[in-house]
Amino acid sequence: MTENFGSRDGQRDDKTGLSPFADMIEATRLTGLGRLEEATALIQRSLAGQRAAPAEHASTDASPHHADPSAVPQIPAAESGTRMREVVGQVVRGLAPVLKGLGNPLRHPAPPPADRGGGTGGRFVALTHAEPAGTREYKLFIPSHPDAAAPLIVMLHGCTQNPDDFAAGTGMNTLAERAGVFVAYPAQSRQAHAQRCWNWYEPRDQGRGTGEPAIIAGLARAIMAEHPIDRARVYIAGLSAGGAAALNIARAYPDLFAAVGVHSGLAAGCARDLGSALMAMQVGAPGLGTATAFGSPAPATRVPTIIFHGEDDGTVSVRNADQVLAQAHVAGLIARSETFEGRGHPFTRTRYRDEAGRVVVEDWRVRGAGHAWSGGRPDGSYTDPEGPDASRAMLDFFAEHRLGPARRP
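As the structure is a computational prediction, the values presented were derived from the model and not from experiment.

A. Just the overall build of the protein chain, in detail. Across its full length, the protein chain carries 10 helices and 14 strands. Per-residue burial for the protein chain yields a buried fraction of 56% across its 409 residues. Considering only residue pairs separated by 6 or more positions, the protein chain has 70% of its internal contacts joining residues 24 or more positions apart. For the protein chain, the computed accessible surface area is about 17000 Å², with 52% contributed by carbon and sulfur atoms.

In structure tokens form, the structure reads like this:
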């Protein structure tokens, strides 16, 4: 999200080869190039559950998985073009809502900042974290004057993005320098996902002690061990695939993260494979309005949650924000909504308070906004400068929450 979806590293699993979704995307590309026989063979292989064989000839725009037409039964040439266009036409019509904007960011990703702090005054350093669950590179913003016990925010980018791009687009480092906050930006690798999407829809990447949640939790703990971090003030947030992953991780580690920010994301455990992920993105997960659509275990305590979602998001349906709200257990909380107009996109902010009067959930719905970071900067991809400032709102929300018996709702 901000996504080009495909399963991990473009594969369905270690045995069955390329995913049908990836095959259909490639078939569409081949058809556009007029290579109808190759596209036909690729779809035949996909439907038969076979891996496409490498082409024996080179091409300036070659795909890593060209089909070999001679390896499968051939459709007569007279019928090939017509039938191929019909098949691909049906596929493209079905995928069009999902593909809208995918792989075509609102602007090109930002290059790495010229100075180590990205123009903020702090330092922005490149690091690597490794542990049994896996290895990820990341960028860490270190404020120039941190508190003796400073907060830490972990920021998960969307598909096709990287830490530099995400930091530039959100403007979070500038705010963090003023507040003395550390900010970590883990980088999804192309080995883990060809489009750098966090694998939020894979069961192995949704729970505690496994996959990407274990890697991110370990990364946060490593930073806490090396820097003056307040262990009660560690937070996580993300955009799109990063937002969905952030919620998975926050619910898997409620003892580590004091609050979570979900921007244009989806509910934890709302998908268990690529097919259910695509369905959830478009219409919400099965069991809309329930807290655990696919049986994702509920945490023992509420994780304070702030949600941002554009009402015109054509990539991730705004219905998913309703499911994130349901998982935040807003039923029984005292809600108060305010609508703001007159500057930029109009938006409605709903705050949910517990019996003690604490705001434990915030929901921001931005009218006229699509799949982009609200109030973001044009330096980064997938940003909408016209919206309310999601980065500022998240920092303000996080500042009100910390771990501990007296503070955790």
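Past the structure itself, the notes keep going.
B. Broad picture of the state of the cysteines. Taken as a whole and judged by the stated rule, the model has 1 disulfide. Each sulfur in the disulfide pair Cys 159 and Cys 197 lies 1.9 Å from the other. Looking down the S-S bond of the Cys 159 and Cys 197 bridge, the torsion is 130°, so its handedness is right-handed. Taken together, the residues span a long stretch of sequence, with Cys 159 in the loop between strand S5 (150-156) and helix H4 (163-170) and Cys 197 in the loop between strand S6 (182-186) and helix H6 (211-226) at a distance of 38 residues. On the basis of relative accessible area, Cys 197 is assigned to the buried category, the value being 0%.

C. Examining the packing of aromatic side chains more closely. For the structure shown, the criterion picks out 9 aromatic pairs. A ring pair is formed by Phe 340 and Phe 347, whose centres lie 4.9 Å apart and whose planes are at 20°; its orientation type is stacked. Of the residues examined, Phe 347 reaches a relative accessible area of 12% and is grouped as buried. Ring centres of Phe 347 and Trp 364 lie 5.3 Å apart, and the angle between their planes is 20°; on these two criteria the pair is classed as stacked. Taken together, the positions of Phe 347 in strand S11 (residues 347-353) and Trp 364 in strand S12 (residues 359-366) put the pair 17 residues apart, joining distant regions of the chain. Both residues of the pair, Phe 347 and Trp 364, belong to the buried class. These aromatic residues form a ring-pair network of at least three members: Phe 124, Phe 166, Tyr 185 and Trp 373. One residue, Lys 139, lies across the ring of Phe 124, its end atom 4.3 Å from the ring centre.

D. A look at the environment of Ala 280. By the element assignment, Ala 280 lies in helix H8 (residues 274-283). When the C-alpha positions of Ala 280 and Ser 317 are compared, they lie 8.0 Å apart, and in sequence the two are 37 residues distant. Non-local contacts of Ala 280, meaning those with residues more than four positions away in its chain, are made with Leu 266, Cys 270, Ala 285 and Asn 320.

E. How the structure looks around helix H10 (residues 390-398). Counting buried residues in H10 gives 7 out of 9 residues, a clear majority hidden from the surface. Turning to H10, its buried residues number three or more, namely Ala 390, Ser 391, Ala 393, Met 394, Leu 395, Phe 397 and Phe 398. Measuring from the side-chain oxygen of the N-cap residue of H10 to the backbone nitrogen of Ser 391 gives 3.1 Å; that N-cap residue is Asp 389.

F. The side chain of Gln 188, seen in detail. Along the chain, Gln 188 turns up in the loop between S6 and H6. A distance of 2.9 Å separates a polar side-chain atom of Gln 188 from the backbone oxygen of Cys 197. A polar side-chain atom of Gln 188 sits 2.7 Å from a polar atom in the side chain of Glu 212. Setting aside chain neighbours within four positions, we find Gln 188 in contact with Arg 136, His 157, His 193, Arg 196, Cys 197, Trp 198, Asn 199 and Glu 212.

Cut-offs applied
- Residues numbered from 1 in each chain as written.
- Predicted model: local features only at pLDDT ≥ 70, side-chain atom pairs only at ≥ 80, totals over all residues.
- Heavy atoms only, no water.
- Helix = DSSP H or I, 4+ residues; strand = E, 2+ residues; numbered from the N terminus.
- Buried < 20%, exposed > 50% of the residue type's maximum accessible area, 1.4 Å probe, protein only.
- Contact = heavy atoms within 4.5 Å.
- Areas by Shrake-Rupley, 256 points an atom, 1.4 Å probe, with all protein chains shown as cover.
- Disulfide = S-S within 2.5 Å.
- Phe/Tyr/Trp six-rings, centres within 6.5 Å; stacked < 30°, edge-to-face > 60°.
- Lys NZ or Arg CZ within 6 Å of the ring centre and 35° of its normal.
- Polar contact = N/O pair within 3.5 Å; in protein donor to acceptor, adjacent residues only side chain to side chain.

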